[in-house]
Amino acid sequence: VLYYYVLAPGYLLGHGSPVVAAYWMAFINSLTVFVVFYLGYLLTKKVGFGILAAFLFAVSFESTQYATWLSNPTLGVLTVPLMYLGLWIWITKGKILGPVLVAVGLGFSVQSEIFLIYHLIPICIWLFISRKAISKKSLIIFGTFFILSISTMILGEFKFGFRIIGG
């Protein structure tokens, strides 16, 4: 469901043109460069490595091929790096922003492609490793925002008889 909400402005601006919609998705996915830069910077504390990470992402196969793809998995180009940025913030800084970004990134990734739920495994591993720095409050915030971010998908599943389970 999220994909259609994200794609609608592109079709609206282009009066139904898929070319404009593809450019719209390219614009949205180009914002990932800033997420990758910031994550690279946080990991190394060096601007040069952040710029290098952003550049390598910008010229990567995933970025160049999937950014304009008019299909629901294209949202993962932005949401997956956002999720890992949130995980790093959550583990290292303990700020409330961290679990929110992880939950929203994971939830929107799952909405874009259900198999991206596998990202829950490394998240759980990192949270287990860093369990001393993780509070119950942050876990509750994570759970709440994750459920909120997949709520439209859950409602769609209720409406159509849980077809994902059958698939």
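Look up: the structure comes first, before these words.
Sequence order sets the numbering: in each chain, residues are counted from 1 along the sequence as written. Side-chain atom pairs in this predicted model are given and counted only at pLDDT of 80 or more, local residue features only at pLDDT of at least 70, and totals for whole chains, interfaces and linings cover all residues. Computation of side-chain values covers all heavy atoms of the structure but excludes hydrogens and water.

Pulling in residues and values, what's your account of unusual backbone geometry?
Even without being a glycine, His15 presents a positive backbone phi close to 55°. Each helix is a run of DSSP H or I of at least 4 residues and each strand a run of E of at least 2, with the numbering of both proceeding from the N terminus. Mapped onto the fold, His15 is located in the loop between helix H1 (2–13) and helix H2 (18–30). Unusually for a residue other than glycine, Lys45 sits at a positive phi of about 65°. Of note, Lys45 is situated in the loop between helix H3 (32–44) and helix H4 (47–58).

So what's going on with the packing of aromatic side chains? Which residues, and what values?
Stacked, tilted and edge-to-face are the three classes applied to pairs of Phe, Tyr and Trp rings, where Trp contributes its six-membered ring and a pair requires centres within 6.5 Å; stacked means planes under 30 degrees apart, edge-to-face means over 60, and tilted covers the rest. Evaluation of the coordinates by the stated rule reveals 8 aromatic pairs. Measuring from centroid to centroid gives 6.1 Å for Phe142 and Phe146, while their planes differ by 10°, and the two rings are stacked. Highlighted residues: Phe142 and Phe146, both in helix H9 (residues 136–149), separated by 4 residues, approximately one helical turn. Whether a residue is buried, partly exposed or exposed follows from its accessible area with a 1.4 Å probe, protein chains only, as a fraction of its type maximum: under 20%, in between, or over 50%, in that order. Take Phe142: its relative accessible area is 12%, and that puts it in the buried class. For Phe146, a relative accessible area of 15% puts it in the buried group. Ring-pair connections join several aromatic residues into one group, and the members of that group are Phe61, Tyr66 and Trp69. Note that Arg131 overlies the ring of Phe128, its terminal NZ or CZ placed 4.2 Å from the centroid. Either the NZ atom of lysine or the CZ atom of arginine qualifies as a charge over a ring when it sits within 6 Å of the ring centre and within 35 degrees of the ring normal.

An account of the side chain of Ser112 is requested, with residue identities and associated values reported.
Structurally, the position occupied by Ser112 is in helix H7 (residues 97–112). The buried category is assigned to Ser112, whose relative accessible area is 0%. We call two residues in contact whenever any of their non-hydrogen atoms come within 4.5 Å of each other. Those residues in contact with Ser112 that lie beyond four places of it in its chain are Asn72, Pro73, Leu75 and Gly76.

Could you give me a rundown of the packing of H3 against H4, with the residues and numbers involved?
Between two packed helices, the angle of one axis relative to the other and the distance separating the axes together describe the packing. The interhelical angle for the contact between H3 and H4, taken along N-to-C directions, is 145°, at an axis separation of 7 Å. H4 is crossed by H3, and the crossing has right-handed handedness. Of H4, the residues touching H3 (which contributes Thr32, Val33, Val36, Phe37, Gly40, Tyr41 and Thr44) are Val47, Phe49, Gly50, Ile51, Ala53, Ala54, Phe57 and Ala58. Residues of the contact of H3 with H4, tallied by class, amount to 11 nonpolar, 4 polar and no charged. Interaxial angles span 0 to 180 degrees and are taken between N-to-C directions of axes, which are lines fitted to C-alpha atoms, for helices over the stretch in contact. Two helices cross in a left-handed way if the nearer one is turned anticlockwise from the farther one by less than a right angle. They cross in a right-handed way if the turn is clockwise. Residue type decides the class: Asp, Glu, Lys and Arg count as charged, Ala, Val, Leu, Ile, Met, Phe, Trp, Tyr, Cys and Pro as nonpolar, and the leftover types, Gly among them, as polar.

With reference to specific residues and values, describe helix H6 (residues 76–93).
Expected span of a helix, by definition, is 1.5 Å for each gap between consecutive residues, and there is one gap fewer than residues. The first and last C-alpha atoms of H6 sit 25 Å apart over 18 residues, in line with the 26 Å expected at 1.5 Å per residue. Summarising burial for H6: 13 of the 18 residues are buried, a large majority. Looking one or two residues past H6, Gly94 carries a phi angle of roughly 65°, positive in sign.

Tell me what's going on with the nonpolar core, and back it up with residues and numbers.
By size, the foremost hydrophobic cluster in this structure holds 17 residues, and its most contacted members are Leu87, Trp90, Val102, Leu106 and Ile123. At the level of elements, H6, H7, helix H8 (120–129) and H9 are the ones that each hand at least two residues to this core. Of all the elements, H6 adds the most residues to this core, at 5 residues. Other than its neighbours up to four places away in sequence, Leu106 contacts Met83, Leu116, His119, Leu120, Ile123, Phe142 and Phe146. Residues Leu2, Val6, Val35 and Leu85 belong to the second largest nonpolar core, which totals 15 residues. Buried Ala, Val, Leu, Ile, Met, Phe, Trp, Tyr and Cys residues form a nonpolar core when they are joined through side-chain atoms within 4.5 Å.

Residues and numbers for the environment of Met83, please.
Turning to its location among the elements, Met83 is positioned in helix H6. On the accessibility criterion, Met83 (0% relative accessible area) is buried. In this structure, the C-alpha to C-alpha distance between Met83 and Leu148, residues 65 residues apart in sequence, is 15 Å. For Met83, the contacting residues outside a window of four places in its chain are Leu101, Val102, Gly105, Leu106, His119 and Ile123.

So far we have only geometry, and geometry alone does not tell us how the molecule works.
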